[in-house]
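Listed here are the chains, written in short residue letters.
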Amino acid sequence: MTEHAKEYLARMNPGSQPPLGRTDPEFVERFADFAYDEVIRMPLSEGTEPLDDRTRFLAILATLLGCQGLDEFKIMLPAALNMDVSPVEVKEIVYQAVAYLGIGRVTPFLAAVNEELARRGVSLPLAPQAKVSPEQRRDAGNQIQVEVFGERIRESWNQGPQERRHINLWLADNCFGDYYTRTGLTLPQREMITFCFLAAQGGCEAQLTAHAKGNFAVGNDRLFLIQVVSQCVPYIGYPRSLNALSCIDNAAEI
């Protein structure tokens, strides 16, 4: 294992040995050298800043939720907390995932987070992060939709065929009103993790392209998203990563 991979692993989980290190040492060495050295130290385009550890781990946790990598999530969660991702940020990632993955796929991850936080002595529940009332959530959520997707989506619940307008309403009041209006993560961070949810689960290329454009609108540019995808390659593999890169380029009209 390279010295850089060893040092990064020691920062992630001080005093711990990589899982599978005894049974699959050759595999672990190659994976660690790739994921914790080569990927971390990827070459950057001129003028591009490297991702900080917090951003990297926000993306990794969201990606593991998206691909349903529960076992790896349980390994990376303590590492994320050790790399200064806060309990509130972790919870906000998991909560927002419900809008994109559904509660059926998210419940095991929420249980894993609660177990790890309890192990660390974190008092639960955490401080509330909701900032809008049930009566405000539709308009507040729609305002964020406008910030991300433009004025064309203003009062979107009055657009489209009548029989499906309730879905547009739910996107405003539930998806954006219930989750994006919360504190704990910034709007650019929320759009980034949404991009990760969609990229990792696959089959969502239309939504992935739309949210690539949404990321651009809130300040996460093309090179930033390429960095995010690059950091997540070890966790979702090349096919879905290449699809995500194509969606980024389509959103940028390259």
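This structure is a prediction, so every number in the text was calculated from the model and none was measured.

K.L.:
Explain the overall build of the protein chain here, please?
P.N.:
Summing up its helical and strand segments, the protein chain has 11 helices and 0 strands in all. Each helix and strand of the protein chain, placed in order from N terminus to C terminus, yields the pattern α-α-α-α-α-α-α-α-α-α-α. Taken against the 2.2 N^0.38 rule, which gives 18 Å for 254 residues, the C-alpha radius of gyration of the protein chain at 19 Å falls within 12% of a compact globule. By principal-axis analysis of the C-alpha atoms, the protein chain measures approximately 60 × 45 × 30 Å. With 254 residues in all, the protein chain has 45% of them scored as buried. Considering only residue pairs separated by 6 or more positions, the protein chain has 73% of its internal contacts joining residues 24 or more positions apart. Looking at the protein chain as shown, the accessible area adds up to about 12,700 Å², and 52% of this sits on carbon and sulfur atoms. Mean positive and mean negative side-chain charge positions of the protein chain (24 and 32 charges, respectively) differ by 5 Å.

K.L.:
I keep staring at a nonpolar patch on the surface and nothing clicks. Help me out?
P.N.:
On the surface, Ile167, Trp170 and Leu171 cluster together to form a nonpolar patch covering roughly 280 Å² of accessible area. Looking at the element boundaries, leucine 171 is found in helix 8 (residues 165-180). A relative accessible area of 37% means that leucine 171 is categorised as partly exposed.

K.L.:
When you look at unusual backbone geometry in this model, what are you seeing that I'm missing?
P.N.:
Apart from glycine, the bulk of residues carry a negative phi angle, and the bulk of peptide bonds sit in the trans form. Each neighbour pair has its own omega, and for leucine 124 with proline 125 the value is 0°, a cis peptide bond. Mapped onto the fold, proline 125 is located in the loop between helix 6 (103-119) and helix 7 (137-149). Positioned with a positive phi, glutamine 68 is a non-glycine residue whose angle comes to about 65°. Within the secondary structure layout, glutamine 68 lies in the loop between helix 3 (53-66) and helix 4 (70-82). Glutamine 68 gets classed as partly exposed once you look at its relative accessible area, which sits at 32%. If you check the backbone angles, glutamate 155 has positive phi at about 50° while not being a glycine. Note that glutamate 155 resides in the loop between helix 7 and helix 8.

K.L.:
Sorry if this is basic, but what is going on with the packing of helix 7 against helix 10 (residues 205-217) here?
P.N.:
Each pair of packed helices gets described by two things: the angle between the helix axes and the distance between those axes. Two elements in contact, helix 7 and helix 10, have axes whose closest approach is 7 Å; the angle formed by their N-to-C orientations is 90°. Viewed along their axes, helix 7 and helix 10 adopt a mutual orientation that is roughly perpendicular. Residue-level contacts link Glu147, Val148 and Phe149 of helix 7 to Ala210, His211, Gly214 and Ala217 of helix 10. Among the residues making up the contact of helix 7 with helix 10, the classes are represented as 4 nonpolar, 2 polar and 1 charged.

K.L.:
Please explain the packing of aromatic side chains as it appears in this structure.
P.N.:
For any two aromatic rings, the description comes down to two numbers: the centre-to-centre distance and the angle of the planes. The full count for this structure, using the stated rule, is 7 aromatic pairs. On the numbers, 5.1 Å between centres and 85° between planes, the contact of phenylalanine 73 with phenylalanine 109 is edge-to-face. Pair noted here: phenylalanine 73 is in helix 4 and phenylalanine 109 is in helix 6, with a separation of 36 residues, a long-range link. Using a relative accessible area of 1% as the deciding quantity, one classes phenylalanine 73 as buried. Overall, phenylalanine 109 belongs to the buried group, its relative accessible area being 1%. Among the aromatic side chains, those forming a connected cluster through ring pairs are Tyr8, Phe27, Phe31 and Tyr36.

K.L.:
Whenever I open this one, the nonpolar core confuses me. Can you help?
P.N.:
Inside soluble globular proteins, nonpolar side chains tend to come together where they are buried. If you look at the biggest cluster of nonpolar residues, it comprises 66 residues, and the most contacted ones within it are Met12, Tyr36, Phe57, Leu65, Phe73, Met76 and Ile93. Sort the elements by how many residues they give to this core and helix 11 (residues 222-252) lands first, with 10 residues.

K.L.:
Please explain the side chain of glutamate 116 as it appears in this structure.
P.N.:
When you line up the elements, glutamate 116 lands in helix 6. Looking at glutamate 116, the relative accessible area reads 10%, which means it is buried. Of note is the side chain of glutamate 116, whose polar atom sits 2.7 Å from the side chain of arginine 119. Every residue in contact with glutamate 116, bar those within four places of it in the chain, is listed here: Leu77, Pro78 and Leu81.

Conventions adopted
- Residues numbered from 1 in each chain as written.
- Predicted model: local features only at pLDDT ≥ 70, side-chain atom pairs only at ≥ 80, totals over all residues.
- Heavy atoms only, no water.
- Helix = DSSP H or I, 4+ residues; strand = E, 2+ residues; numbered from the N terminus.
- Rg over C-alpha atoms; globule rule 2.2 N^0.38 Å.
- Buried < 20%, exposed > 50% of the residue type's maximum accessible area, 1.4 Å probe, protein only.
- Contact = heavy atoms within 4.5 Å.
- Areas by Shrake-Rupley, 256 points an atom, 1.4 Å probe, with all protein chains shown as cover.
- Lys, Arg positive; Asp, Glu negative; His and termini not counted.
- Charge placed at Lys NZ, Arg CZ, Asp CG, Glu CD.
- Patch = residues over 30% accessible without salt bridge, like charges linked within 9 Å, V, L, I, M, F, W, Y side chains within 5 Å.
- Salt bridge = Lys/Arg side-chain N within 4 Å of Asp/Glu carboxyl O.
- Axes fitted to C-alpha atoms, helices over the stretch in contact; angles between N-to-C directions.
- Parallel < 35°, antiparallel > 145°, perpendicular 65-115°, else oblique.
- Nonpolar A, V, L, I, M, F, W, Y, C, P; charged D, E, K, R; others polar.
- Phe/Tyr/Trp six-rings, centres within 6.5 Å; stacked < 30°, edge-to-face > 60°.
- Core = buried A, V, L, I, M, F, W, Y, C linked by side-chain atoms within 4.5 Å.
- Polar contact = N/O pair within 3.5 Å; in protein donor to acceptor, adjacent residues only side chain to side chain.

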